[in-house]
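# Overview (structure and organization)
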Amino acid sequence: MAPAASSTIFSMLSSCQHVFSAPYASKEQQWQQQHPSTQGPRNLLCQGVEIVSLKKSSSQGSLLDCSQQIWGVALPVSCRRNGLGAWTKKKTVWTSAVPASGANLVIRNQSSESSAPYGTQSSGTTVSADGSLLSMVTESSAGVPRQLHLSDGEQDYSVTLDNETSPGRTEVGIDGMDQENLLMDVTTSFSEMGISVESARLQSQNNRILDIFLVSDMESNTAIPENKWPYVKDRILAKLKRRKIVNTSHDDPKLVEQVTFLISTLDKVVQADGQAQVVEAALLLQNGFEQLRNKEDPRKRADLLRYIEKMEEPLMTAVIRIFYLYSSLLNVADEAHSHRRRREEVWASRNARPLWPASFDHTLRLFKEANVGAEDLQALLNRIEYNPVFTAHPTEARRREVLTCLHRIFLLCSNREDPRLSPAQKVEVEAEVEAEIEILWRTDEMRTKKPTVLEEIITGLDYFRFSLFEAVCTTYRYAENSLNAIYPNERVTLPSFIRFGSWIGGDRDGNPYVLPETTIMAALLASRLILAEYIRRCRACQDILTHSVLICKVSPELLDSLVTDTEMIQMIPALQFSSAMYEHEPYRLKLLVMRHRLEQNLRIVNARLRGLGEADQLLFDIEYNLDEIPGLDPKKDAYVNEEEFLKDLRFIDTSLRSNGDAQLADSKLKDLVRLAETFGFYCCSLDVRQESTIHSQATDEILRLLGLVENYSSLSEIERMKLLTETVATPPPFDKIEALLPSMSEATKQVVDLYFACADIMDTVSQKSIASYVISMTRVASHVMEVLFIGWFCCKDLLVKKASGDWVARLVVAPLFETIPDLENMPQALHSLLNNNTYKEILLASGGVQEVMLGYSDSCKDGGITASAYNLYKAQCVIQQLTKDAGVNSCIFHGRGGTVGRGAGPTHESILSQPPGSIDGKIKFTEQGEVITYRYGNAQTAAYELTVGITGLLKASHPTTQSRGSDDPKYFAIMEELAMAAEKHYRELTDETEGFYDYFYEATVVNEISLINIGSRPARRKAGVRDKSSLRAIPWVFGWAQSRHTIPAWYGVGTGMVQYTKENPERIQQLQQMYTDWPFFRNFLSNVRMSLFKASMEIAQEYARLCGNRITQKLVYDLVAQEYFLTRGQLLMISQQNRLLSDNERLERSFDTRRKYLDPLNHLQIILLGRQRDITASDTSKALWEKPLLRTIKAIASNMRNTG
């Protein structure tokens, strides 16, 4: 037997390995010893198949005989079923024939108890020449052959129902289905529909097996009415048609069932829309490319590409859309599944065992085991602050309408899994899901124009309204429950330590559409949202707290506050009427007054919004509109600030607790208190961001107008710092500013107006409504002093030194260091600031915390992932040491994006991998684009994400639970070498490889990204220039991710390791030890492994062919592919794993499932890019195919989950 023939047999069998039992490695060894001339079953490992002999046959080729002793339930062996679900064990001899090229290989199963000759119509399996399993014939107990279609295409099923054969019962016949999961799938469907199975049997009919079930309605014990037959049929088919979507051998059956239901429902909706051909085309592409991923076949690939090429535009558009929706629904199912698993774990634990490692329960148990006492724990809780900051960076490719629809489907999916639902209730929920999926199918996911900044603001605030208000209450409740269970009777209280920030409407770096009035509008809209939430919850508490003073006690403080409120009540007829009705119900009366005061605050906000002159209807949602009270100024009754509101809430809380109603106080009222402590009257604090050169130019002009210096830009850094620190210590120019404003340039006037806006927001909304002034591209200390100088100049008490010598400093300035050179220069700039006495006095007056922002995106784009990660790590160590030496606290603001190439990663692990001591109770970080949706789009998931972040913060902030005391200096030395070598290799590619940026622009969709209207900010800094500096970090990462290169997240890592180890076993062992001991290194490599897993060099090569210059195409692609395989091998060796994600099988399976949709989408995109860039194509043709191309970008983004 030729080696190729033997290899073919085993490669064919290996494509069917999912039907065999556990592998036997010894069988491969035996084969190699007995047949040294053959290649042997290298990959099969003889999946439960015992090789008996190898025979030669001139007529039929080589025959391979195998014998097998195994249960027949899940295997293609001759088997017999006795009764309902009982199987007998039979010995089966497999005979395999290797055909000529292009023919089918027939694997026939012959029972050792049968004398059926080879070649007769006995049971068997047909396998195509490329190794894909086409069909299988098994033998029933009656000896009748049964055809089972196990190809990657649709299986053939038919369902019949009959009420005539058995009176009072329905006979359900299911034809053309394999026996593997028949009972589980069908009986599960029957049970879910409220149908009882009384018996089951097999019949032969037209050489096929017919499985017949005798069933009845559970409630009525009668036959199924004929009007319900279509529903029963649809449910059974929905259960069975898509059984290969998820690997059922590893995944939770409930997840498999949920995914199957959602995908089948979408198929049903599309077919009902008259587009059955769309489902068929999608399935053909899905299965075809999956087979190619398992085994390359040039002919099959060519056939699939020709099929795509021949698609008409309507069909191609619909296929892209259905792939997009498949992945969206899969994301929903995954999220609902995760939530259900966590809920089940909580139910099962009953406080008897720890929950998952990042839970409050597990974390507090660690503290308890480490002998952290109640006093120590209380001190830790009192100083922590967890602060996610939402940005509008354009990586969320989905429309708000699509997101809200998916949110509704998520809620329905969670309801559908509720075991308490009756069959009828479950049917109702599933009908609602189908209706929502129909809405999803009929909603265009494409924006027709770029979103305005206002739309971005409202979309960002929607996360609070739909998710975060509830999630915050849930998170605090989970924490308190765990605290009470693990530290009982120890009086440890849980402060409200969660804060939210936002850049949406405040970030003007590179976005000309963010104006000073935009920032005011963002703050007012956020305030309006939280005020409306308080009003709603006050009304809910008012309906519950119906206590009467005639039968219970109320605290004197509450009654005294009502006496104070009497004047207000007398002014308003509506309040007078209600006060008479609530005369003996003080809680309701107090809440009524509080509602009135909040409504007055809301009226003030609405009036200010109208005063901005915006005509956009989004500003005037009827939900928030209130009629004015004639003759009453809202400012008279409105709360001055959130503290007044909290004071009233605490009157009620104290009264309830002091009179035996603590349990009631811990319910809705406590949630309201938590919200008020967390969100104040501002909802989320705005950060303002602007680029450093804008301030430098404005400072130059203002100093000149003040007559202080003629040419500020010509001064040295030392001279600048001296001039600015001396100037801000003098009284502000109150008498000059009004006269100077008209003579300013428009650019400087915009800067000054921004400061006026910040002061206005702090004065009218809340002092906490402006958090930080972030300076991007900070390089020197004077860049920080310039921002403070302009604040001084504006005369709005943003910065002023009083006659007493005390400072008023309302601006918290956060320098942002982004590129590799900036990070290297950061120590000098920060040292200069912290050793300037004037600056240090200002810092102490503003809270004594030096906030420093570190930019992950630009540093990675600049010098590669290894240099970026290491320099950011070193920067945190330096910041920690410098601020400690200066006697001030520090807060590091992590400017991370949605991908590894932009600093992303699992939150809990990322926090724990920071330098020891760098997180001292406070952490602030950006959440961007699609990551906001995945983490905070649903309340249940948001509560989980908040929990894992907070527990990471707690562990990182206490010495007993930190993973190590300090970093090993020798690891820094090793990392220095790795970073230098990796950066050099990265820069050789990006800075020195001729034609590299032509490759990037031609082999990715970077030019097309700006057309999909996902953000208000321009995608490029300089149009028409092809270099690194002209690109923003987001399209840089987005483009490489879409084309499956994912270069920013891994390029250079492998070369750095090879150049360090030089194949020296001792050095390899050093890196392996670093991976084990150093959380930073382990977390870094884990994130890189994830990015490598999402890459595909096969698909990247297809994109490379779009590059016009063949020399550039081959050069760049070969460099990338070589580094990919080198890095992959190095990471597997250092992590000592056999697969990239072997330590995260759930993520591995999840992305493998998405690849079924992702690979076809990539090929669709490649063909459409070719059409768009065809210079011979007409403008009409290009316009026709542009929209489908843009849809592929959204669909791929949905599948990749973190594209920017």
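Residues numbered from 1 in each chain as written. Predicted model: local features only at pLDDT ≥ 70, side-chain atom pairs only at ≥ 80, totals over all residues. Heavy atoms only, no water.

Here is the rule we go by: UniProt positions are given in the numbering used here, feature names are shortened, and annotations may be inferred rather than shown by experiment.
Under an unreviewed UniProt entry, the name given to the protein is phosphoenolpyruvate carboxylase, and the source organism is Sphagnum troendelagicum. Taken directly from UniProt, the Sequence similarities (unreviewed entry) text for the protein runs: "Belongs to the PEPCase type 1 family." As stated in UniProt under Cofactor (unreviewed entry), the record for the protein gives "Mg(2+)".

### Topic: the pattern of salt bridges
What counts here: The salt bridge criterion pairs a side-chain nitrogen of Lys or Arg with a carboxyl oxygen of Asp or Glu, the two atoms within 4 Å. Secondary structure elements are defined from DSSP: runs of H or I of at least 4 residues count as helices, runs of E of at least 2 residues count as strands, and each element is numbered from the N terminus.
Enumeration over the complete set of coordinates arrives at 66 salt bridges. Arg 169 is the salt-bridge partner of Glu 198, the closest N and O atoms lying 2.4 Å from each other. Here Arg 169 lies in the loop between β10 (158–162) and β11 (170–175) and Glu 198 lies in strand β12 (residues 195–205), a separation of 29 residues in the sequence. Put simply, Asp 666 and Lys 670 hold a salt bridge, and the shortest N to O gap is 3.6 Å. In this pair, Asp 666 and Lys 670 are both assigned in helix α20 (residues 662–679), four residues apart and thus about one turn of the helix distant. A single salt-bridge network, built from bridges that share partners, covers Glu 480, Asp 653, Arg 657, Asp 666, Lys 670 and Arg 674.

### Section: the pairing of strand β21 (residues 849–855)
The cut-off we apply is this: Only protein chains enter the accessibility calculation, which uses a 1.4 Å probe; a residue whose area is less than 20% of its type maximum is buried, one above 50% is exposed, and one in between is partly exposed. A pair of strands counts as paired when DSSP detects no fewer than two bridges linking them.
Here β21 lies mainly inside the structure; six of its seven residues are buried. Here two bridges tie strand β20 (residues 813–817) to β21, and the two strands are oriented parallel to one another. Across the sheet, residue Phe 817 finds its bridge partner in β21, namely Leu 854.

### Quick notes on unusual backbone geometry
Of note, Arg 1044 is a non-glycine position whose phi angle comes to about 65 degrees, a positive value. Non-glycine residue Glu 1063 carries a positive phi angle of around 60 degrees. The exposure class assigned to Glu 1063 is exposed, which follows from its relative accessible area of 71%.

### Concerning the packing of aromatic side chains
Put simply, the rule is: Here is the rule: rings of Phe, Tyr and Trp (six-membered ring for Trp) pair when centre to centre is within 6.5 Å. Planes less than 30 degrees apart are stacked, more than 60 are edge-to-face, and the remainder are tilted. By definition, being over a ring means that NZ of Lys or CZ of Arg is both within 6 Å of the ring centre and within 35 degrees of the ring normal.
For the coordinates displayed, the defined rule picks out 44 aromatic pairs. Among the aromatic side chains, those forming a connected cluster through ring pairs are Phe 390, Tyr 463, Phe 464, Phe 469, Phe 500, Phe 679 and Tyr 936. The residue whose ring lies beneath Lys 368 is Tyr 487, and the NZ or CZ to ring-centre distance is 4.5 Å.

### Some details on the nonpolar core
Selection criterion: Buried Ala, Val, Leu, Ile, Met, Phe, Trp, Tyr and Cys residues form a nonpolar core when they are joined through side-chain atoms within 4.5 Å. Any two residues having at least one pair of non-hydrogen atoms within 4.5 Å are treated as being in contact.
In this structure, Leu 377, Phe 464, Phe 500, Tyr 534, Phe 645, Phe 679 and Phe 793 are the most contacted members of the largest nonpolar core, which totals 159 residues. Once you skip the residues sitting within four places of it in the chain, Leu 377 turns out to touch Leu 364, Phe 367, Val 372, Leu 483, Tyr 487 and Val 492. One finds Leu 285, Ile 865, Tyr 1001 and Ala 1095 within the second-largest nonpolar core, a separate group that totals 129 residues.

### So, a nonpolar patch on the surface
So the rule is basically this: Patch membership is restricted to residues that have no salt bridge and whose relative accessible area is over 30%. Joining uses 9 Å for like charges and 5 Å for the nonpolar side chains Val, Leu, Ile, Met, Phe, Trp and Tyr. Each accessible area value is a Shrake-Rupley result obtained with a 1.4 Å probe; residue values ignore everything except the protein chains displayed when judging cover.
On the surface, a cluster of nonpolar side chains totalling about 410 Å² of accessible area is made up of Val 549, Leu 550, Ile 551 and Leu 559. Along the chain, the position of Leu 559 falls in helix α15 (residues 556–571).

### Some details on the confidence of the model for the protein
Definition in use: In predicted models, pLDDT denotes the confidence assigned by the predictor to each residue on a 0 to 100 scale.
Taken residue by residue, the protein gives an average pLDDT of 80. The fraction at 70 or more is 79%. Taken together, the stretch residues 1–155 has pLDDT below 50 and engages in 307 contacts with residues farther than four places along the chain or on a different chain. Within the model, pLDDT remains below 50 along residues 243–250, and this stretch shows 23 contacts once partners closer than five positions in the same chain are excluded.

### Things to note about helix α9 (residues 360–369)
Every buried residue of α9 is accounted for by Phe 360, Asp 361, Thr 363, Leu 364, Arg 365 and Phe 367. For α9, the elements touching its buried residues are α10 (374–383), α13 (453–486) and α32 (939–957).

### Describing the pairing of strand β16 (residues 685–691)
Burial within β16 is extensive, with seven of its seven residues counted as buried. Neither face of β16 is left uncovered, since the one carrying Ser 685, Asp 687, Arg 689 and Glu 691 and the one carrying Leu 686, Val 688 and Gln 690 both have all their residues buried.

### Things to note about the side chain of Asp 297
Defined as follows: We count Lys and Arg on the positive side and Asp and Glu on the negative side, and we leave His and both chain ends out. Under the rule applied, a polar contact is a pair of N or O atoms within 3.5 Å (in protein, one hydrogen donor and one hydrogen acceptor; residues adjacent in sequence only if both atoms are side-chain atoms).
Within the secondary structure, Asp 297 sits in the loop between α6 (276–294) and α7 (298–309). Within the buried core, Asp 297 has no salt-bridge partner, and the shortest N-O distance to an opposite charge, that of Lys 300, equals 5.2 Å. Within the local environment of Asp 297, its side chain forms a polar contact with the backbone nitrogen of Arg 299, the two atoms lying 3.0 Å apart.

### Description of the packing of helix α21 (residues 692–706) against helix α24 (residues 746–764)
As a reminder, the rule being used: Helix axes are fitted only over the stretch in contact, all axes being lines through C-alpha atoms; the angle between N-to-C directions runs from 0 to 180 degrees. In this scheme, roughly parallel covers angles under 35 degrees and roughly antiparallel covers those over 145, while 65 to 115 is roughly perpendicular and the rest are oblique.
At a minimum axis distance of 9 Å, the contact between α21 and α24 shows a crossing angle of 100 degrees. Classified by the angle their axes make, α21 and α24 are roughly perpendicular. Only Thr 748, Val 751 and Val 752 of α24 make contact with α21, whose side of the interface consists of Ile 694, Ala 698, Glu 701 and Ile 702.

### So, the UniProt feature "active site" (unreviewed entry) in the protein
Following the UniProt record, one finds the feature "active site" (unreviewed entry) at His 393 and Lys 861. Relative to the elements of secondary structure, Lys 861 occurs in helix α28 (residues 856–863).

### Some points on the environment of Ser 414
Its place among the elements puts Ser 414 in helix α11 (residues 400–416). Taking the C-alpha atoms as reference, Ser 414 lies 9.8 Å from Val 332; in sequence the two are 82 residues apart. When sequence neighbours within four positions are dropped, the list of residues in contact with Ser 414 reads Ala 336 and His 339.

### A word on helix α34 (residues 996–1003)
Among the eight residues in α34, six count as buried, and that is most of the element. Taken residue by residue, α34 has Phe 996, Tyr 997, Tyr 999, Phe 1000, Tyr 1001 and Ala 1003 as its buried positions. Where α34 is buried, its residues contact α33 (969–990), α35 (1006–1009), α36 (1033–1042), α40 (1097–1104) and α41 (1110–1135).

### A few points about the sheet that holds strand β14 (residues 385–391)
By definition, the strands of a sheet pair up through backbone hydrogen bonds, in either a parallel or an antiparallel sense. The eight strands are arranged β14-β15-β16-β17-β20-β21-β22-β23 in a closed barrel whose pairing can be described as parallel. By the bridge criterion, two bridges tie β14 to strand β15 (residues 501–502) in an arrangement that is parallel. Bridged to Val 389 within β15 is Gly 501.

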